[in-house]
Amino acid sequence: MFKAIAIKELREVAPLAAAALIVSAYCVVLLTGLNVLTFEPYRVTAIPFLDRSVFVTFVIVLGTSLAIALGLRQSAWESGTGTYLFLLHRPASRYWLMGAKLITGLLVLLATTAAPILAYALWAATPGNLPAPFRWSMTGTVWLLWFAMTIVYLGAFLSGLRPARWYATRLLPLVGIAPVMPIIFLLQSKWMIGVAITILLDAILLAAIYRIAETREYS
Amino acid sequence: MNDQQTSDYAIETHRLTKYYGDRRVVDGLDLKVPRGSVYGFLGRNGAGKSTTIKMLTGMVHADAGCARLLGEDVDALRPATRARIAYLAEGHPLYRGMTIDQVERFTRPFYRDWNSDLFQQILDHFDLVRKAKIRRLSNGQRAQVSLALGVAPEPELLILDDPTLGLDTVVRRDFLESMIQIIHRQGRTILFSSHILSDVERVADRIGILVDGVLRVDCPTDHFKQSIRKVVLEYTGDPPEFPTCDGLVSSRKVGTTRELVIVNFGDVHRTLIESANPVPRSVEVLELNLEDAFIEYTRGPRRSLPIFTGHKTDVQSHSNQGAA
């Protein structure tokens with residue numbers, strides 16, 4: 001049953017993940033010293049994974065956009081097309097059905113956003129590519145942000161699942177978690193606190209998702 | 001558990017009530033659908049049919065009362081019991097990006113008793129190709145796929161919310177006949193809502209009519225048709241008012257005639273007609289088909305409609321029933 005849900009969800013979110021991977025590939029290739037438009041190599045002077053580097057900004061923008069798109073696609077889309085009525089009548093508990101959706105969405109998000117980080121880090125770790133030393137610990141901030149994307153995803157999922165009369169009120173969970181990413185970014189030196197905040201907020205959002213999935217009306 | 005084995009009803013509701021805001025859309029519904037019956041659930045638009053069906057399937061929560069499907073409370077319906085119930089939602093929502101084959105492969109793992117041969121037979125019956133994308137199917141074909149998906153797990157109970165909505169006359173008839181042929185052959189119970197009376201008349205052996213959220217009729221289809229009569233009283237001049245009495249649904253003046261719609265027209269009504277002043281020049285008692293009976297019945301003064309529960313003695317005027 002999980003496989004059936006996972007395949008369905010993957011089929012539905014594949015275009016979003018594919019678009020994110022294409023943009024990531026473009027960005028990583030560009031940052032590793034190849035001008036994608038002219039195919040001319042150029043000298044890389046930026047130091048990867050620095051706090052305000054282009055790549056960190058890129059990960060934040062890409063990850064946040066993908067997390068919002070995935071969360072809304074998996075929740076609001078089913079409301080809009082009325083397919084919750086089909087899905088939720090399958091003989092499985094609502095907790096299980098929603099859980100399968102969430103696990104698939106989270107795995108897609110984490111895998112898709114991890115790909116450019118790993119690719120860029122591997123390039124940076126390869127001797128001769130950078131005119132500066134590279135240590136894997138330099139990627140700590142970006143991995144923390146990567147993990148914190150789960151908050152945005154769950155916030156978007158909750159926004160799509162919550163019944164609301166207006167778009168503004170529907171998006172309240174997303175608005176509520178908006179300050180979290182800057183806070184976690186600022187907590188990079190105390191990464192354990194950042195991880196703890198992420199886990200705590202994820203747990204709160206998951207509880208809210210399960211509660212709303214169980215109590216909301218599908219009409 | 002004992003209830004599950006002994007109950008004669010596939011669906012039972014007790015005082016089921018639902019509010020949307022201040023509006024009571026379903027009002028103290030006591031519905032009993034006997035096992036093995038085809039139950040037509042009727043009502044005008046906005047009468048509360050879809051809301052009731054969504055409450056039965058757990059998609060909408062009741063504000064009061066309770067409902068049981070196959071002997072189990074709908075609020076605590078176990079997956080194993082849900083597997084014995086098929087639900088075809090209004091508009092047949094399916095994943096449009098999938099092909100018929102993909103929808104089947106998605107649905108099949110949820111059911112232990114999935115009958116792939118039956119699914120294929122139904123597709124063949126409707127000339128549906130597995131590779132066809134759901135989004136490219138017509139409304140009628142989507143309804144057919146829905147029916148195949150609903151029937152393949154061999155359910156004991158099928159709940160269909162206006163399954164023929166949006167289908168043209170030919171497709172509708174074909175769909176309904178196939179539905180009965182396919183579904184009803186093993187004594188399954190079917191509850192289907194509709195506002196197309198000719199459809200219901202053709203397939204339902206029992207009907208329930210919901211008027212403003214109140215179940216006003218719950219009886220065999222033939223009984224309802226036979227119980228309602230249109231009585232046309234022809235006068236020479238202006239027709240007089242007709243006195244209020246048990247069973248009177250409506251009284252309308254049309255030129256020099258007065259048209260009455262009466263439930264269980266009998267001696268009491270004849271006496272009233274004969275004792276009227278002036279006495280009518282002629283009295284004509286007309287039988288109605290289900291559609292006419294439904295129209296005449298539901299356009300009467302709604303809060304004081306006589307209530308049918310299957311027996312002549314049960315027909316009574318309940319002027320307070322369901323009043324908000």
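Scroll up to find the structure this text is about.
Owing to the predicted nature of the structure, the values given are computational and were not obtained by experimental measurement. (Residues numbered from 1 in each chain as written. Chains lettered and ligands numbered in written order. Predicted model: local features only at pLDDT ≥ 70, side-chain atom pairs only at ≥ 80, totals over all residues.)

Caption draft 1: Expanded view of the overall build of chain A. Helices and strands together make up the secondary structure of chain A, namely 9 helices and 2 strands. Listed by position from the N terminus, the elements making up chain A come as α-β-β-α-α-α-α-α-α-α-α. A compact globule built from 219 residues would reach a C-alpha radius of gyration of about 17 Å, and chain A, at 19 Å, matches this within 12%. Along the first, second and third principal axes, the C-alpha set of chain A runs to 60 × 35 × 30 Å. Counting every position in chain A, which comprises 219 residues, the buried fraction comes to 35%. Across chain A, contacts joining residues at least 24 apart in sequence account for 76% of those joining residues at least 6 apart. (Helix = DSSP H or I, 4+ residues; strand = E, 2+ residues; numbered from the N terminus. Rg over C-alpha atoms; globule rule 2.2 N^0.38 Å. Buried ≥ 20, exposed ≤ 12 C-beta atoms within 10 Å, placed from the backbone. Contact = placed C-beta atoms within 7 Å.)

Caption draft 2: Expanded view of the overall build of chain B. Along the backbone of chain B there are 11 helices and 17 strands. Pairs at least 24 apart in sequence give 70% of the contacts found in chain B among residues at least 6 apart.

Caption draft 3: Seen up close, the sheet that holds strand E4 (residues 38-43) of chain B. Residues and elements named next belong to chain B. Strand order in the open sheet formed by 6 strands is E7-E8-E9-E4-E10-E11, and the pairing between neighbours is mixed. In this open sheet, the two strands that pair with only one neighbour each are strand E7 (85-88) and strand E11 (214-220). Each strand axis lies, on average, 15 degrees off the axis of its neighbour in the sheet, ignoring direction. With 4 bridges connecting them, E7 and strand E8 (residues 157-160) associate as parallel partners. Bridge pairing in E8 links Ala86 to Leu158. (Pairing = 2+ DSSP bridges. Axes fitted to C-alpha atoms, helices over the stretch in contact; angles between N-to-C directions.)

Caption draft 4: Representation of the sheet that holds strand E15 (residues 282-287) of chain B within the structure. Residue and element names in this part refer to chain B. The strand order E13-E14-E12-E15 describes an open sheet built from 4 strands, whose pairing is antiparallel. At either end of the open sheet lies a strand with only one pairing partner, and these are strand E13 (248-254) and E15. For this sheet, the mean inter-axis angle between neighbouring strands, taken without regard to orientation, is 20 degrees. The pairing of strand E12 (residues 228-234) with strand E14 (residues 257-263) spans 7 bridges and is classified as antiparallel.

Caption draft 5: Just helix H2 (residues 54-81) of chain A, in detail. Residue and element names in this part refer to chain A. Compared with an ideal rise of 1.5 Å per residue, which puts 28 residues at 40 Å, H2 spans 39 Å between its outermost C-alpha atoms and is within 8% of the ideal. Taking the largest bend as the criterion, H2 deviates by roughly 35 degrees, centred on Arg73. Backbone geometry just after H2 places Gly82 at a positive phi near 80 degrees. (Expected span 1.5 Å × (residues − 1). Bend = angle between axes of the 7 residues up to and from the residue.)

Caption draft 6: Fine view of the interface of chain A and chain B. Taken residue by residue, the interface counts 19 residues in chain A and 20 residues in chain B. Put simply, the parts of the chain that give the side of chain A that touches chain B at least two residues each are helix H1 (2-31) and helix H3 (84-87) of chain A. Looking at the side of chain A that touches chain B element by element, the count peaks at 4 residues for H1(A). For the side of chain A that touches chain B, the class distribution of residues is 8 nonpolar, 6 polar and 5 charged. (Nonpolar A, V, L, I, M, F, W, Y, C, P; charged D, E, K, R; others polar.)

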